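# Observations on the three-dimensional arrangement
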Amino acid sequence: MYPNNPHTSNELVSFFFGENNFVIHFFLKNTLEANVKNVVFSDSQTFNEIIFTLSAESKDQVDQWAAEIKNAGGTLVSEPESFGNDYYGFVFADPDGHKFNVFKM
């Protein structure tokens, strides 16, 4: 594991992990709550929280994935939008209610 410095800030620590440079982001809870719409994060002292993020190549790809999820009967928790520092994305839920981010950064 080694730092993903271009994306590390006071609100986010980012690392590359493994042979294929899988990216792991650790956001501050208040940063997530302010930027990920319609998702409530639990108290980390009593619950475990994780949200998986899928990285898109472009804003158009984000929009295409949102349309595909809708067409497949998925639930968009938030519509694609710009947020944070140059992020564009949305949140969706699988049939069990697990949340996922899709964004372009």
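As the structure is a prediction and not an experimental result, all values here were calculated from the model. (Residues numbered from 1 in each chain as written. Predicted model: local features only at pLDDT ≥ 70, side-chain atom pairs only at ≥ 80, totals over all residues. Heavy atoms only, no water.)

On to the packing of aromatic side chains. Each aromatic ring pair is described using two quantities: the centre-to-centre distance and the angle formed by the ring planes. Under the definition given, this model contains 5 aromatic pairs. Taking the centre distance of 5.6 Å and the plane angle of 10° together, the rings of F83 and Y87 count as stacked. Taken as a pair, F83 and Y87 share a single burial class, namely buried. Site record: aromatic cluster; members linked through ring pairs are F83, Y87 and F103. Above the plane of the ring of Y88 lies K59, whose end atom (NZ or CZ) is 5.3 Å from the centre. (Phe/Tyr/Trp six-rings, centres within 6.5 Å; stacked < 30°, edge-to-face > 60°. Buried < 20%, exposed > 50% of the residue type's maximum accessible area, 1.4 Å probe, protein only. Lys NZ or Arg CZ within 6 Å of the ring centre and 35° of its normal.)

Looking now at helix α2 (residues 59-71). Under the 1.5 Å per step criterion, the end-to-end length of α2 is 18 Å for 13 residues, consistent within 8% with the ideal 18 Å. Residues V62, A66 and I69 constitute the buried set of α2. Projection of α2 onto a plane perpendicular to its axis shows the buried side chains occupying an angular sector of 65°, all on one side. For α2, the exposed residues lying more than 90 degrees away from the buried face are D60, E68 and N71. Residues of α2 that are buried sit in contact with β5 (75-83), β6 (87-93) and β7 (99-104). Positive backbone phi, approximately 90°, marks G73, located one or two places after α2. (Helix = DSSP H or I, 4+ residues; strand = E, 2+ residues; numbered from the N terminus. Expected span 1.5 Å × (residues − 1). Arc of directions from axis to C-beta. Contact = heavy atoms within 4.5 Å.)

This part is about the confidence of the model for the protein. Averaged over the protein, the pLDDT score is 80; the fraction of residues at 70 or greater is 88%. At the level of individual helices and strands, the protein shows its lowest average pLDDT in strand β1 (residues 2-3), which scores 62, and its highest in α2, which scores 94. (pLDDT = per-residue confidence, 0-100.)

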